[in-house]
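Architecture at a glance
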Amino acid sequence: MAVASPTRAFGASIRRREDPRLITGRGKFTDDIHLANAATAMFVRSPHGHARIVSIDTSAAAAHPGVLGVYTYQDVKGFISGMPCAWPTTNTGDTLKLATYPPLADGKVRFFGEAVALVVAVDPNTAADAVDLVQVEYDPLPAVVNNEAAVAPGAPLIHDSAPGNQAFRWSLVGGDTNGALAHADVRISQTLVNQRLIATPLETRCAVADYNPASGEVTVWVTSQNPHIHRLLIALSTGIPEHKIRVIAGDVGGGFGAKLPYYAGEALCIFASKELGVPVRWSESRSENYVATAHGRDHIQHIEVGATKEGKITALKVTAYASLGAYPSTVAPGVPTWLFGCIIQGPYDIPNNEVHVIGVYTNTTPTDAYRGAGRPEATYILERVIDLVAAKVGRDPVDVRRLNFVKKDQFPFKVANGTLTYDSGDYELALDQALHTVDYTHLRAWQEEQRAAGKLVGIGFSSYVEVCGLGPSSAANAMGFAGGLYDSATIRVHPTGKVTVFTGVHSHGQGHETSFAQIVARDLGVKVDDVDVIHGDTDKVQHGMGTYGSRSAPVGGGALRLAGMKIRAKAQKIAAHLLEVAEEDIEWVDDAFRVKGSPDKSKTIPDCAFAAYMAGNLPAGVTPILEEQHWYDPENFVYPFGTHICVVEVDRETGETHIKRYVAVDDCGEIINPMLRDGQVHGGIAQGIAQALWEEAVYDENGQLLSGSLMDYAIPKASVMPHLELGHTVTPSPHNPLGVKGIGEAGTIASTPAVVNAVMDALSPLGIHHIDMPLRPAKVWAAIDAASH
Amino acid sequence: MEENHVGITVEVNGRAHRSTVEPRTLLVDYLRDDLGLTGTHIGCDTGQCGACTVIVDGQSVKSCMVLAVQADGAHVRTVEGLAQDGRYHAVQQGFWEKHGLQCGFCTPGFMMQTVQILEDNSDPSDEEIRDALEGNLCRCTGYQNIVEAVKAAGATIRSGAETMVVGTGVGA
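In every chain, residue numbers begin from 1 and rise along the written sequence. Chain labels run from A onward and ligand labels from 1 onward, assigned in the order the entries are written. The predicted nature of this model means local features are confined to residues of pLDDT at least 70 and side-chain atom pairs, given and counted, to a pLDDT of 80 or more, with totals for whole chains, interfaces and linings taken over all residues. The basis for every side-chain value is the complete set of heavy atoms in the structure, and neither hydrogens nor water enter the calculation.

1. Some remarks on the overall build of chain A
Heads up, the condition is: What counts as a helix is a DSSP run of H or I of at least four residues, what counts as a strand is a run of E of at least two, and both are numbered from the N terminus. It is over C-alpha atoms that the radius of gyration is taken, and the globule rule equals 2.2 Å times the number of residues to the power 0.38. Exposure categories follow from relative accessible area, calculated using a 1.4 Å probe and restricted to protein chains: below 20% of the type maximum is buried, above 50% is exposed, and the middle band is partly exposed. The contact criterion used is simple: two residues touch if any of their non-hydrogen atoms lie within 4.5 Å.
Helix and strand counts for chain A come out as 21 helices and 30 strands. Against the globule reference of 28 Å for 789 residues, chain A gives a C-alpha radius of gyration of 27 Å, in line with a compact fold. Residues classed as buried in chain A amount to 64% of the 789 residues present. Expressed as a percentage of contacts within chain A between residues at least 6 apart in sequence, the contacts between residues at least 24 apart total 80%.

2. Describing the interface of chain B and chain A
Cut-off, in case you're wondering: A simple way to read buried area is as the amount of 1.4 Å-probe accessible surface that goes missing from two parts once joined, with both sides added. Any Lys or Arg side-chain nitrogen found within 4 Å of a carboxyl oxygen on Asp or Glu counts as a salt bridge. In protein, a polar contact requires one atom able to donate a hydrogen and another able to accept it; more generally it is a pair of N or O atoms within 3.5 Å, and residues adjacent in sequence count only if both atoms are side-chain atoms. Note on residue classes: Ala, Val, Leu, Ile, Met, Phe, Trp, Tyr, Cys and Pro are nonpolar, Asp, Glu, Lys and Arg are charged, and everything else, Gly too, is polar.
The interface is formed by 49 residues belonging to chain B together with 61 residues belonging to chain A. In this assembly, chain B packs against chain A so that about 4800 Å² is buried in total across both faces, 55% of it on carbon and sulfur atoms. Looking at the side of chain B facing chain A, the largest losses of area belong to Arg139(B), Val170(B) and Ala172(B), adding up to 19% of the total buried there. Here Asp32(A) and Arg32(B) are joined by a salt bridge, their closest N and O atoms 2.8 Å apart. At the junction of chain B with chain A, the criterion picks out 27 residue pairs in polar contact (both at pLDDT 80 or more). Every element with two or more residues in the side of chain B that touches chain A is listed here: helix H1 (27–34), helix H2 (90–97), helix H3 (107–120), helix H4 (126–132) and helix H5 (144–159) of chain B. Tallying contributions element by element places H2(B) first for the side of chain B that touches chain A, with three residues. Of the residues that constitute the side of chain B that touches chain A, the class distribution is 20 nonpolar, 17 polar and twelve charged.

3. Topic: unusual backbone geometry
One can expect most non-glycine residues to show negative phi and most peptide bonds to be in trans. Residue Pro412(A) is reached from Phe411(A) by a cis peptide bond, and omega for that bond is -5 degrees. Mapped onto the elements, Pro412(A) comes out in the loop between helix H12 (397–404) and strand S18 (413–414). In this chain, Met773(A) is followed by Pro774(A) through a cis amide linkage whose omega measures -15 degrees. Examined against the element boundaries, Pro774(A) turns out to sit in the loop between helix H20 (746–763) and helix H21 (777–787). At Asp57(B), a residue that is not glycine, the phi angle is positive and equals roughly 45 degrees. Taking relative accessible area as the criterion, Asp57(B) reaches 49% and is therefore assigned partly exposed. Here His99(B), not a glycine, exhibits a phi torsion of approximately 55 degrees, which is positive. Relative to the helices and strands, His99(B) is located in the loop between H2 and H3.

4. Some details on empty space enclosed by the protein
All names here are of chain A. Quick note on the threshold: A pocket, in this scheme, is an open set of points on a 1 Å grid over the protein atoms alone with protein on both sides within 12 Å along at least 5 of 7 lines, while a cavity is a set where a 1.4 Å probe fits but cannot get out; residues line either one if an atom lies within 4 Å of a point. Grid points are joined across faces, edges and corners, and a volume is the space filled by probe spheres set on the points.
Tallied over the full model, the rule gives nine cavities of 30 Å³ or more. Approximately 710 Å³ is the volume attributed to the largest cavity. In this structure, the largest cavity is lined by 48 residues; those nearest its centre are Gln510, Thr547, Ser550, Gln680 and Gly744. Counting residues per element, the ones that place at least two in the lining of the largest cavity are helix H16 (512–524), helix H17 (552–579) and helix H19 (674–693).

5. Considerations on the pattern of salt bridges
Side-chain pairs of opposite charge can arise whenever the charged atoms involved come near each other. Per the counting criterion, the structure on display carries 47 salt bridges over all chains. Taking the shortest distance from any N to any O, the salt bridge between Asp251(A) and Arg21(A) comes out at 2.8 Å. With Asp251(A) in the loop between strand S12 (245–248) and helix H8 (264–276) and Arg21(A) in helix H1 (residues 19–23), the pair connects residues that are 230 residues apart, well separated along the chain. Asp251(A) gets classed as buried once you look at its relative accessible area, which sits at 11%. Put simply, Glu695(A) and Arg139(B) hold a salt bridge, and the shortest N to O gap is 2.7 Å. Linking Glu695(A) in the loop between H19 and strand S30 (725–728) with Arg139(B) in the loop between H4 and H5, this pair reaches from one chain into another. Judged by relative accessible area, Glu695(A) falls into the buried class, the value being 0%. Bridged by salt links that share partners, the residues Asp31(A), Asp32(A), Arg281(A) and Arg32(B) form one connected network.

6. Re the sheet that holds strand S26 (residues 598–603) of chain A
Residue and element names in this part refer to chain A. Rule in force here: Strand pairing is assigned whenever DSSP detects at least two bridges linking the two strands. As a rule, the C-alpha atoms of each element are fitted with a line to give its axis, helices using only the stretch in contact, and angles between N-to-C directions run from 0 to 180 degrees.
Overall, antiparallel pairing links the three strands, which are arranged S24-S25-S26 in an open sheet. Each edge of the open sheet is held by one strand with a lone partner, namely strand S24 (586–589) and S26. This sheet shows a mean twist of 45 degrees between the axes of neighbouring strands, independent of strand direction. This element, helix H18 (residues 605–614), spans S24, strand S25 (592–595) and S26 of the sheet and lies at about 40 degrees to S26.

7. Structural notes on a negative patch on the surface
This is how it is decided: Note on patches: the residues involved have over 30% relative accessible area and no salt bridge, like charges join within 9 Å, and the nonpolar side chains Val, Leu, Ile, Met, Phe, Trp and Tyr join within 5 Å. Surface exposure here means Shrake-Rupley accessible area, sampled with a 1.4 Å probe, where a residue is shielded only by the protein chains that are shown. When charges are tallied, Lys and Arg are placed among the positive residues and Asp and Glu among the negative ones, while His and the ends of the chain are skipped. Here the site of a charge means atom NZ of a Lys, CZ of an Arg, CG of an Asp or CD of a Glu.
A surface patch of negative charge is lined by Glu127(B), Glu128(B), Asp131(B) and Glu134(B). Tracing the backbone through its elements, the reader meets Asp131(B) in helix H4.

8. Some thoughts on the side chain of Asn404(A)
Residues and elements named next belong to chain A. The residue asparagine 404 is located in helix H12 in this model. Note on asparagine 404: relative accessible area 0%, which makes it buried. Beyond its immediate sequence surroundings of up to four residues, asparagine 404 is in contact with Gly311, Lys312, Ile313, Pro347, Tyr348, Asp349 and Ile386.

9. Observations regarding the layout of surface pockets
Residues and elements named next belong to chain A. For the second largest pocket, the calculated volume is near 520 Å³. If you go around the second largest pocket, you meet 24 residues; those closest to its centre are Arg21, Asp251, Glu513, Val533 and Ile534. Those elements that provide at least two residues to the lining of the second largest pocket are H1 and strand S23 (531–534). Here the element with the most residues in the lining of the second largest pocket is S23; it accounts for three residues.

10. Details of the pairing of strand S27 (residues 626–632) of chain A
Residue and element names in this part refer to chain A. By the alternation rule, side chains of S27 split into Leu626, Glu628, His630 and Tyr632, which are all buried, and Glu627, Gln629 and Trp631, of which none is buried. Strand direction decides the pairing type here: strand S21 (residues 487–493) and S27, joined by seven bridges, are antiparallel. Considered in S27, the bridge of serine 488 is made with tryptophan 631.

Below, the structure is given as structure tokens:
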């Protein structure tokens, strides 16, 4: 849509600046990078979930024509001995056991698909042939894939350094939960499984490394959500000086958290390029991606709830067994701890709550952040608990939510465990809007009619608040994150008034080249089409912390806003000087500095930029050129919230769930581009529904990944996704420079329990009160069948 | 010519190419690596995701499931050939205007399949669109705006309206 003026660009549903190259096939994804003489890297991977490596014979592979090198751990360990963990989570006492994560297996394989050897050849076909020629002799060991079994006595030991396969014990306590439980009118115990998921971005991971032995510089094209973090971790883990490393994350085909970590495959491309003196490229196949790229979620949760007979929750105790997989991935230890436990009470005023997390190693692919990263695991608990409490006390789950909500006059609201202060919120407003959209009273009446006709129809709710916009650096450091969580923007206004923005966050689908241009358009009065947004190249862009945790708009956008205000402040001095008035006699109105009372006397930012370039007629103290930079360290996280409502019908004969209606009301504060915001919510909800109904990473007892390809792992298709009805409320964040909260993960966080609650509501007349996800037809049918006997 | 190589002639986006390929070379790899047309993407190894969809002799096919040698003598259309005479194809314009893409990786495959859908029926229902797109996976959009994009493209085709010039900005 066209906008009347740049000032109006913020808040408009403008089509995207990044699309022209993407719709013409001119995107530059990492596998599209072709360098002359580039060799291809491929990996020999373990077919066992747990095994000793008896021997590796690389001789036949190395002798194969066109093979440039075959390497095992002994060959690479001098370059990189272990993959770093950048979040050794605090609050674990002395229990934290971060096992060494070798880039190639060192004597033992601990998960199906673990890389055992690296083959580098002149082309992919030769590399594939050579991989088949590497002979590895294994002595299989018993494997353990269940989180509780892994820490039970007698479980196979995965790491000598982690007795009992325990990675850590972590707790957060608020109030007196045991006391409140003891006095509760109503007590409920429930075990929940938040199953392991596979991120499945459509683009698998790729890397191209080009090491220059003369200069000692290396350029690494990589599918990263956070190129500066990759650069720092490459430097720390390989010893290559940080300033000699250029990381380029160009067009990246989706991340969802799985492209946040720094992986061995990427490091080994650098190794091979340095070793061989040619560029080395590697692209995961999809089945390789399924074993080599981090998985998500994977909790077993034991919940105890205490409530009054009216349904007011007085106590919540959670004990969660969370799998790190076989090795600790880059930020893995922080996900099931801080990102899960801080917000364990969600949008509810629960004065007594405790969360205890046991991190475990299992013979599975390492886990790490996956859309929501800890918050879906917490929200699922809360929303199932609310429904279980409502069922027990005989009240409408809507009323139980209302009863327990933090009220709008309680903000800023500090949670019972003391870790977070919610900045703003109006949870009832979103709930009421959602109820109004579905016409709730009539919906329940319709449900009664359907039930009378023998149909299994259900209405499910999910009210949530989540913590994102990572975040205050002091909090990050205190949580053990090995970095700050500020972000950055440089705004360069060229002499002709065009603008280039350099942002430290990254876009891999979110549309920042557009939304950030909209921020600049409003703040500097320039056209969106005249603003280029550059990200992803550490040679071009100042230090930033990348994109995850719904941080780009609040933190990246916040930095951009503040840099823009610096531009305005400098330009204002120049404008006043050019207009020959005092600064206090001009004001910023309608995309220009205008003399108060004589608005036709004006100077635009481009006018000021040209004057700054000429530099001969600048006011005292003002330097040439109009360019400013800012690093923004937020004072708090941000807290988007909302309510989703899902209506389902369960087919008695097949156990299949059909979503008949899905309504989402989300509040992310101010909205930069409604069309892009809706797109984030659509995609987030699709992933959340998929966890509820279809997706599950399945291992057998030997640690074989059974759901190893798209044939078996059911990501949704167009034909199974329902139409989504989106609404929103606007409760700005009072501390954020733009008033925005993040929206990238909220859809996923909210939707999973909305769907599960709907199915459970549908089955409630049969006396079924809980089934674990995914609610596959066979599972649901079996529950229906069992209930009828 | 090496003993295990085969000579093929393939017309791609109206231009004839004579090449020698190994029999095992997939059409998608031929397009991407031999011809440098990297707009067609690879998203899986089991023929599920559809990111590699192109049009061969008027039929949309998954180019990861076709050998280059099978395309000998065929006419192939890829995403690079959609825009004509400096103007976007209606399908490209529909995806752009309706935010039918986020990361853009699946998009060329979706657009080629959409070209096929709309050539068969320029006014499909939502259900028909979703069924016809079963072979294309998207992880970013949840498909809702893709459906809108297909409908918008259909409307443009039916109206015969001129599409946007390639190089047009976002108009703001």
